[in-house]
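Structural characterization, general
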Amino acid sequence: MEENVSVQWFPGHMAKTRRKIRESLALVDTAAEIIDARIPQSSRNPEIDALIASKPRIVLMNKADIADPAENKKWIRWFEEQGIPALAVDCKTGAGLNRVLPAVRALLADKIAGWQQKGMTGRSVKIMVVGIPNVGKSSFINRMAKGDPAKVENRPGVTRSNQWFSLGKGFELLDTPGVLWPKFDDPQVGERLAFTGAVRDEILDAEQLAARLSWILWNEHRALLCARYKMTGSEQPLNGFELLELIARRRGMLISGGEADTERAANTVLEEFRAGKIGRITLECR
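Small disclaimer: the values here were computed from a predicted structure and weren't measured. (Residues numbered from 1 in each chain as written. Predicted model: local features only at pLDDT ≥ 70, side-chain atom pairs only at ≥ 80, totals over all residues. Heavy atoms only, no water.)

**So, the packing of aromatic side chains**
Under the criterion given, the structure shown has 3 aromatic pairs. Ring centres of Trp75 and Phe79 lie 6.2 Å apart, and the angle between their planes is 40°; on these two criteria the pair is classed as tilted. One end of the pair is Trp75 and the other is Phe79, both in helix α3 (residues 69-81) and 4 residues apart, which spans about a single turn. A relative accessible area of 2% means that Trp75 is categorised as buried. Measuring from ring centre to ring centre gives 5.1 Å for Trp78 and Phe79, while their planes differ by 75°; the resulting arrangement is edge-to-face. What links up through ring pairs into an aromatic cluster is the set Trp75, Trp78 and Phe79. (Phe/Tyr/Trp six-rings, centres within 6.5 Å; stacked < 30°, edge-to-face > 60°. Helix = DSSP H or I, 4+ residues; strand = E, 2+ residues; numbered from the N terminus. Buried < 20%, exposed > 50% of the residue type's maximum accessible area, 1.4 Å probe, protein only.)

Next up, the structure:
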(Lines give C-alpha, C1' and ligand atoms only; values in the text may rest on other atoms or scores of the structure.)
Protein backbone atom coordinates (compact mmCIF):
# COMPACT_ATOMS: atom_id res chain seq x y z
CA MET A 1 0.00 0.00 0.00
CA GLU A 2 1.49 3.32 -1.08
CA GLU A 3 1.57 6.14 1.47
CA ASN A 4 0.15 9.55 0.64
CA VAL A 5 2.64 12.23 -0.32
CA SER A 6 2.84 14.74 2.52
CA VAL A 7 2.19 18.36 1.53
CA GLN A 8 2.17 21.09 4.15
CA TRP A 9 1.10 24.71 3.91
CA PHE A 10 1.78 27.78 5.97
CA PRO A 11 -0.44 30.86 6.44
CA GLY A 12 1.72 33.28 4.42
CA HIS A 13 -0.48 35.81 2.63
CA MET A 14 -3.78 34.04 3.37
CA ALA A 15 -5.16 36.74 5.70
CA LYS A 16 -4.19 39.50 3.27
CA THR A 17 -5.77 37.65 0.35
CA ARG A 18 -9.01 37.06 2.27
CA ARG A 19 -9.15 40.75 3.16
CA LYS A 20 -8.58 41.80 -0.47
CA ILE A 21 -11.39 39.54 -1.67
CA ARG A 22 -13.80 40.84 0.98
CA GLU A 23 -12.94 44.45 0.13
CA SER A 24 -13.37 43.80 -3.59
CA LEU A 25 -16.75 42.10 -3.31
CA ALA A 26 -18.49 45.47 -3.08
CA LEU A 27 -17.03 46.36 -6.48
CA VAL A 28 -18.33 43.35 -8.43
CA ASP A 29 -21.64 41.79 -9.45
CA THR A 30 -20.62 38.15 -9.65
CA ALA A 31 -17.68 35.78 -9.27
CA ALA A 32 -16.15 33.31 -11.70
CA GLU A 33 -14.51 30.50 -9.76
CA ILE A 34 -11.91 28.65 -11.81
CA ILE A 35 -11.11 25.07 -10.83
CA ASP A 36 -9.16 22.15 -12.31
CA ALA A 37 -11.57 19.72 -13.98
CA ARG A 38 -9.29 16.79 -13.07
CA ILE A 39 -9.67 17.50 -9.36
CA PRO A 40 -12.87 19.55 -9.00
CA GLN A 41 -13.02 19.34 -5.21
CA SER A 42 -9.35 19.49 -4.30
CA SER A 43 -8.80 22.54 -6.53
CA ARG A 44 -11.39 24.59 -4.63
CA ASN A 45 -10.48 26.58 -1.56
CA PRO A 46 -13.00 25.67 1.16
CA GLU A 47 -13.08 29.31 2.26
CA ILE A 48 -14.33 30.58 -1.12
CA ASP A 49 -17.93 29.59 -0.38
CA ALA A 50 -18.01 31.71 2.76
CA LEU A 51 -16.04 34.59 1.24
CA ILE A 52 -18.26 35.12 -1.79
CA ALA A 53 -21.56 33.76 -0.45
CA SER A 54 -23.23 37.15 -1.00
CA LYS A 55 -22.60 37.06 -4.77
CA PRO A 56 -23.97 34.83 -7.54
CA ARG A 57 -21.27 32.61 -8.97
CA ILE A 58 -20.32 30.57 -12.01
CA VAL A 59 -17.79 27.72 -11.92
CA LEU A 60 -15.40 27.27 -14.83
CA MET A 61 -13.93 23.77 -15.00
CA ASN A 62 -10.61 24.52 -16.70
CA LYS A 63 -8.42 21.87 -18.34
CA ALA A 64 -11.59 19.96 -19.19
CA ASP A 65 -9.86 18.90 -22.42
CA ILE A 66 -7.53 16.60 -20.44
CA ALA A 67 -10.14 15.43 -17.93
CA ASP A 68 -12.52 12.49 -18.45
CA PRO A 69 -15.42 13.87 -20.57
CA ALA A 70 -17.98 11.66 -18.83
CA GLU A 71 -16.80 12.93 -15.44
CA ASN A 72 -16.95 16.52 -16.70
CA LYS A 73 -20.66 16.06 -17.35
CA LYS A 74 -21.23 14.49 -13.94
CA TRP A 75 -19.47 17.35 -12.17
CA ILE A 76 -21.35 20.00 -14.14
CA ARG A 77 -24.60 18.32 -13.15
CA TRP A 78 -23.47 18.19 -9.50
CA PHE A 79 -22.62 21.92 -9.42
CA GLU A 80 -25.95 22.76 -11.01
CA GLU A 81 -27.68 20.71 -8.31
CA GLN A 82 -25.96 23.03 -5.80
CA GLY A 83 -27.45 26.00 -7.64
CA ILE A 84 -24.16 26.97 -9.30
CA PRO A 85 -23.94 27.02 -13.12
CA ALA A 86 -20.77 25.34 -14.39
CA LEU A 87 -18.99 25.16 -17.74
CA ALA A 88 -16.26 22.87 -19.05
CA VAL A 89 -13.54 25.04 -20.62
CA ASP A 90 -9.94 25.06 -21.78
CA CYS A 91 -8.34 28.42 -21.07
CA LYS A 92 -5.23 27.65 -23.14
CA THR A 93 -7.05 27.08 -26.42
CA GLY A 94 -10.12 29.12 -25.54
CA ALA A 95 -12.50 26.18 -26.02
CA GLY A 96 -15.80 26.82 -24.27
CA LEU A 97 -14.97 30.41 -23.29
CA ASN A 98 -17.48 31.81 -25.79
CA ARG A 99 -20.20 30.51 -23.46
CA VAL A 100 -18.96 32.34 -20.37
CA LEU A 101 -20.38 35.83 -20.91
CA PRO A 102 -23.80 34.56 -22.09
CA ALA A 103 -23.90 32.36 -18.97
CA VAL A 104 -23.06 35.37 -16.78
CA ARG A 105 -25.79 37.39 -18.48
CA ALA A 106 -28.28 34.61 -17.77
CA LEU A 107 -27.10 34.38 -14.16
CA LEU A 108 -27.59 38.14 -13.66
CA ALA A 109 -30.68 38.52 -15.86
CA ASP A 110 -32.81 40.05 -13.10
CA LYS A 111 -30.08 42.46 -12.00
CA ILE A 112 -29.37 43.58 -15.58
CA ALA A 113 -33.11 44.10 -16.18
CA GLY A 114 -33.21 46.24 -13.02
CA TRP A 115 -30.36 48.41 -14.30
CA GLN A 116 -32.16 48.92 -17.61
CA GLN A 117 -35.35 49.95 -15.83
CA LYS A 118 -33.34 52.58 -13.96
CA GLY A 119 -31.80 53.84 -17.19
CA MET A 120 -28.35 52.38 -16.38
CA THR A 121 -27.96 50.92 -19.86
CA GLY A 122 -24.23 51.57 -20.08
CA ARG A 123 -23.33 49.88 -16.80
CA SER A 124 -20.68 47.16 -17.14
CA VAL A 125 -21.07 43.76 -15.52
CA LYS A 126 -18.13 43.34 -13.16
CA ILE A 127 -16.83 39.81 -12.57
CA MET A 128 -14.34 38.80 -9.89
CA VAL A 129 -12.07 35.91 -10.92
CA VAL A 130 -11.15 33.65 -8.01
CA GLY A 131 -9.29 30.37 -7.66
CA ILE A 132 -6.20 28.72 -6.26
CA PRO A 133 -2.81 29.18 -7.97
CA ASN A 134 -2.11 27.44 -11.27
CA VAL A 135 -5.68 26.54 -12.19
CA GLY A 136 -5.57 28.89 -15.19
CA LYS A 137 -6.87 32.24 -13.92
CA SER A 138 -4.34 34.32 -15.86
CA SER A 139 -4.80 32.24 -19.02
CA PHE A 140 -8.56 32.79 -18.71
CA ILE A 141 -8.13 36.55 -18.36
CA ASN A 142 -5.68 36.73 -21.26
CA ARG A 143 -8.10 34.87 -23.52
CA MET A 144 -11.07 36.97 -22.45
CA ALA A 145 -9.30 40.35 -22.40
CA LYS A 146 -7.51 39.97 -25.77
CA GLY A 147 -4.79 42.56 -25.97
CA ASP A 148 -4.84 43.49 -22.28
CA PRO A 149 -3.01 40.44 -21.01
CA ALA A 150 -2.29 39.39 -17.46
CA LYS A 151 1.13 38.05 -16.62
CA VAL A 152 1.16 34.28 -17.11
CA GLU A 153 3.82 31.85 -16.01
CA ASN A 154 3.56 28.10 -15.62
CA ARG A 155 4.31 28.48 -11.95
CA PRO A 156 1.95 28.60 -8.97
CA GLY A 157 1.17 31.94 -7.40
CA VAL A 158 2.39 34.42 -10.02
CA THR A 159 -0.56 36.85 -9.64
CA ARG A 160 0.17 39.11 -6.70
CA SER A 161 -2.34 41.96 -6.61
CA ASN A 162 -5.83 42.90 -7.75
CA GLN A 163 -6.05 44.04 -11.38
CA TRP A 164 -8.95 45.16 -13.59
CA PHE A 165 -9.33 44.09 -17.24
CA SER A 166 -11.88 45.45 -19.71
CA LEU A 167 -13.46 42.86 -22.00
CA GLY A 168 -15.58 45.25 -24.03
CA LYS A 169 -19.21 44.28 -24.68
CA GLY A 170 -20.10 45.65 -21.23
CA PHE A 171 -17.95 43.35 -19.10
CA GLU A 172 -14.97 43.89 -16.80
CA LEU A 173 -12.87 41.32 -14.93
CA LEU A 174 -11.23 41.78 -11.56
CA ASP A 175 -8.32 39.43 -10.93
CA THR A 176 -7.35 38.42 -7.41
CA PRO A 177 -4.29 36.63 -6.00
CA GLY A 178 -4.52 32.85 -5.99
CA VAL A 179 -5.83 31.47 -2.72
CA LEU A 180 -4.43 28.37 -1.04
CA TRP A 181 -5.19 27.21 2.44
CA PRO A 182 -2.42 26.75 5.05
CA LYS A 183 -3.15 23.11 5.86
CA PHE A 184 -5.18 20.13 4.69
CA ASP A 185 -7.44 17.96 6.78
CA ASP A 186 -7.41 15.34 4.03
CA PRO A 187 -3.87 14.44 2.85
CA GLN A 188 -5.25 13.39 -0.53
CA VAL A 189 -6.15 17.02 -1.28
CA GLY A 190 -2.53 18.17 -1.09
CA GLU A 191 -1.40 15.11 -2.99
CA ARG A 192 -3.81 15.71 -5.88
CA LEU A 193 -2.79 19.35 -6.08
CA ALA A 194 0.83 18.21 -6.29
CA PHE A 195 -0.01 15.73 -9.07
CA THR A 196 -1.59 18.47 -11.20
CA GLY A 197 1.16 21.03 -10.62
CA ALA A 198 -0.63 23.45 -8.28
CA VAL A 199 2.22 22.94 -5.80
CA ARG A 200 5.77 24.07 -6.43
CA ASP A 201 7.72 20.97 -7.47
CA GLU A 202 10.81 22.27 -5.67
CA ILE A 203 9.29 21.49 -2.25
CA LEU A 204 8.45 17.89 -3.14
CA ASP A 205 10.29 14.66 -3.86
CA ALA A 206 9.53 14.08 -7.55
CA GLU A 207 10.20 10.34 -7.39
CA GLN A 208 7.94 9.84 -4.39
CA LEU A 209 5.21 11.93 -6.04
CA ALA A 210 5.49 10.15 -9.40
CA ALA A 211 5.59 6.73 -7.71
CA ARG A 212 2.36 7.52 -5.89
CA LEU A 213 0.69 8.87 -9.05
CA SER A 214 1.85 5.88 -11.10
CA TRP A 215 0.43 3.51 -8.51
CA ILE A 216 -2.95 5.29 -8.56
CA LEU A 217 -3.03 5.22 -12.35
CA TRP A 218 -2.03 1.52 -12.35
CA ASN A 219 -4.96 0.70 -10.09
CA GLU A 220 -7.57 3.08 -11.50
CA HIS A 221 -6.57 3.84 -15.12
CA ARG A 222 -4.39 0.87 -16.03
CA ALA A 223 -5.32 0.68 -19.70
CA LEU A 224 -4.26 4.29 -20.33
CA LEU A 225 -1.01 3.93 -18.36
CA CYS A 226 -0.09 0.70 -20.15
CA ALA A 227 -0.86 2.12 -23.57
CA ARG A 228 1.36 5.14 -22.93
CA TYR A 229 4.32 3.20 -21.57
CA LYS A 230 3.98 0.01 -23.64
CA MET A 231 3.18 -2.32 -20.76
CA THR A 232 0.97 -5.38 -21.09
CA GLY A 233 -1.00 -4.85 -17.89
CA SER A 234 -0.03 -8.30 -16.67
CA GLU A 235 3.10 -7.05 -14.92
CA GLN A 236 3.09 -7.41 -11.15
CA PRO A 237 4.79 -4.38 -9.59
CA LEU A 238 4.60 -4.35 -5.80
CA ASN A 239 4.52 -0.57 -5.47
CA GLY A 240 4.88 2.70 -7.34
CA PHE A 241 8.66 2.68 -7.28
CA GLU A 242 8.72 -0.68 -9.06
CA LEU A 243 6.33 0.81 -11.58
CA LEU A 244 8.72 3.70 -12.18
CA GLU A 245 11.52 1.18 -12.81
CA LEU A 246 9.31 -0.63 -15.29
CA ILE A 247 8.38 2.60 -17.06
CA ALA A 248 12.03 3.65 -17.21
CA ARG A 249 12.99 0.36 -18.86
CA ARG A 250 10.12 0.51 -21.32
CA ARG A 251 11.28 3.99 -22.34
CA GLY A 252 14.96 3.01 -22.46
CA MET A 253 15.83 5.31 -19.59
CA LEU A 254 18.93 3.59 -18.27
CA ILE A 255 22.05 4.76 -16.46
CA SER A 256 25.48 3.16 -16.05
CA GLY A 257 25.31 -0.52 -15.21
CA GLY A 258 21.93 -0.86 -16.89
CA GLU A 259 20.02 0.50 -13.90
CA ALA A 260 16.66 2.14 -14.49
CA ASP A 261 16.79 5.94 -14.34
CA THR A 262 13.79 6.35 -12.04
CA GLU A 263 14.40 10.07 -11.57
CA ARG A 264 14.03 10.69 -15.29
CA ALA A 265 11.01 8.38 -15.43
CA ALA A 266 9.42 10.26 -12.52
CA ASN A 267 9.78 13.60 -14.27
CA THR A 268 8.39 12.08 -17.46
CA VAL A 269 5.31 10.64 -15.75
CA LEU A 270 4.54 13.93 -14.00
CA GLU A 271 5.04 16.01 -17.14
CA GLU A 272 3.01 13.67 -19.34
CA PHE A 273 0.16 13.36 -16.85
CA ARG A 274 -0.06 17.15 -16.49
CA ALA A 275 -0.03 17.57 -20.28
CA GLY A 276 -2.79 14.98 -20.76
CA LYS A 277 -0.50 12.70 -22.76
CA ILE A 278 -1.34 9.63 -20.65
CA GLY A 279 -5.00 10.21 -21.39
CA ARG A 280 -8.05 12.16 -20.30
CA ILE A 281 -8.05 11.39 -16.59
CA THR A 282 -10.13 12.72 -13.70
CA LEU A 283 -8.73 11.84 -10.30
CA GLU A 284 -11.88 12.81 -8.39
CA CYS A 285 -14.95 11.09 -9.74
CA ARG A 286 -18.57 11.62 -8.80
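**Points about helix α6 (residues 137-145)**
For α6, the full list of buried residues reads Lys137, Ser138, Phe140, Ile141, Met144 and Ala145. An end-on view of α6 places all buried positions within 155° of arc, on one side of the element. Buried residues along α6 sit in contact with β1 (30-36), β2 (57-62), α4 (100-107), β4 (125-130), β5 (163-168) and β6 (171-175). Backbone geometry just downstream of α6 places Lys146 in the positive-phi region, at approximately 50°. (Arc of directions from axis to C-beta. Contact = heavy atoms within 4.5 Å.)

**Here's the deal with the nonpolar core**
As a rule of thumb, soluble globular proteins bury nonpolar side chains together. Leu60, Phe140, Leu173 and Met231 are the most contacted members of the largest nonpolar core, which has 63 residues in total. The leading source of residues in this core is helix α8 (residues 206-220), at 8 residues. With sequence-adjacent residues up to four places away left out, Met231 is seen in contact with Trp218, Leu225, Cys226, Leu243, Leu246, Ile247 and Arg250. (Core = buried A, V, L, I, M, F, W, Y, C linked by side-chain atoms within 4.5 Å.)

**Comments concerning the environment of Leu60**
Mapped onto the elements of the fold, Leu60 is located in strand β2. For Leu60 and Leu97, which are 37 residues apart along the polypeptide, the C-alpha to C-alpha distance reads 9.0 Å. Each residue touching Leu60, except ones within four places of it in the same chain, is listed here: Ala32, Glu33, Ile34, Ile35, Leu87, Val89, Val100 and Phe140.

**So, the pattern of salt bridges**
Under the counting rule described, the total for this entry stands at 14 salt bridges. Note that Arg212 is salt-bridged to Glu191, the shortest N-O span being 2.8 Å. With Arg212 in helix α8 and Glu191 in helix α7 (residues 187-196), this residue pair connects regions lying 21 residues apart in the sequence. Residue Glu191 is classed as buried on the basis of its relative accessible area, which comes to 1%. By sharing partners, the salt bridges in this structure join Glu33, Arg44, Asp49 and Arg57 into a single network. (Salt bridge = Lys/Arg side-chain N within 4 Å of Asp/Glu carboxyl O.)

**Some words on the packing of helix α10 (residues 240-250) against helix α11 (residues 262-274)**
Following both chains from N to C, one finds α10 and α11 inclined at 90°, their axes separated by 8 Å at the closest point. Here α11 runs roughly perpendicular to α10, going by the angle between their axes. Residues Leu244, Glu245, Ile247 and Ala248 of α10 lie in contact with α11, whose contacting residues are Thr262, Ala265, Ala266 and Val269. Counted by class, the contact of α10 with α11 contains 6 nonpolar, 1 polar and 1 charged residues. (Axes fitted to C-alpha atoms, helices over the stretch in contact; angles between N-to-C directions. Parallel < 35°, antiparallel > 145°, perpendicular 65-115°, else oblique. Nonpolar A, V, L, I, M, F, W, Y, C, P; charged D, E, K, R; others polar.)

**Some thoughts on empty space enclosed by the protein**
What the rule picks out here adds up to 1 cavity of 30 Å³ or more. The space that makes up the largest cavity amounts to roughly 30 Å³. Along its surface, the largest cavity is lined by Asp36, Ile39, Ser43, Lys63, Ile132, Asn134, Val135, Leu193, Thr196 and Ala198. Taken together, the residues of the lining of the largest cavity break down into 5 nonpolar, 3 polar and 2 charged. (1 Å grid on protein atoms, 1.4 Å probe; cavity = no way out; pocket = protein on both sides within 12 Å on 5 of 7 lines; lining within 4 Å. Points joined across faces, edges and corners; volume = space filled by probe spheres on them.)

**Considering the pairing of β5**
With 5 bridges connecting them, β5 and β6 associate as antiparallel partners. Counted as the bridge partner of Gly168 is Phe171 from β6. In sequence, β5 turns back onto β6 through a hairpin of 2 residues, with Lys169 there showing a positive phi of about 55°. (Pairing = 2+ DSSP bridges.)

**Some words on the environment of Cys91**
Structurally, the position occupied by Cys91 is in the loop between β3 (86-88) and α4. With 28 residues separating them along the chain, Cys91 and Lys63 place their C-alpha atoms 7.1 Å apart. Filtering out sequence-adjacent residues up to four positions away, Cys91 remains in contact with Asn62, Leu97, Gly136, Ser139, Phe140 and Arg143.

**Focus: α10**
Within α10 the residues assigned to the buried category are Gly240, Leu243, Leu244, Leu246, Ile247 and Ala248. Where α10 is buried, its residues contact α8, α9 (222-229), β8 (259-260) and α11. The backbone nitrogen of Phe241 has a side-chain oxygen 3.1 Å away, supplied by the residue at the start of α10, namely Asn239. (Polar contact = N/O pair within 3.5 Å; in protein donor to acceptor, adjacent residues only side chain to side chain.)

**Observations concerning the sheet that holds β2**
Taken in spatial order, the 6 strands of this open sheet run β3-β2-β1-β4-β6-β5, and their pairing is mixed. Unpaired on one side and paired on the other, β3 and β5 mark the two borders of the sheet. Taken pair by pair, the neighbouring strands of this sheet meet at an average axis angle of 25°, ignoring direction.

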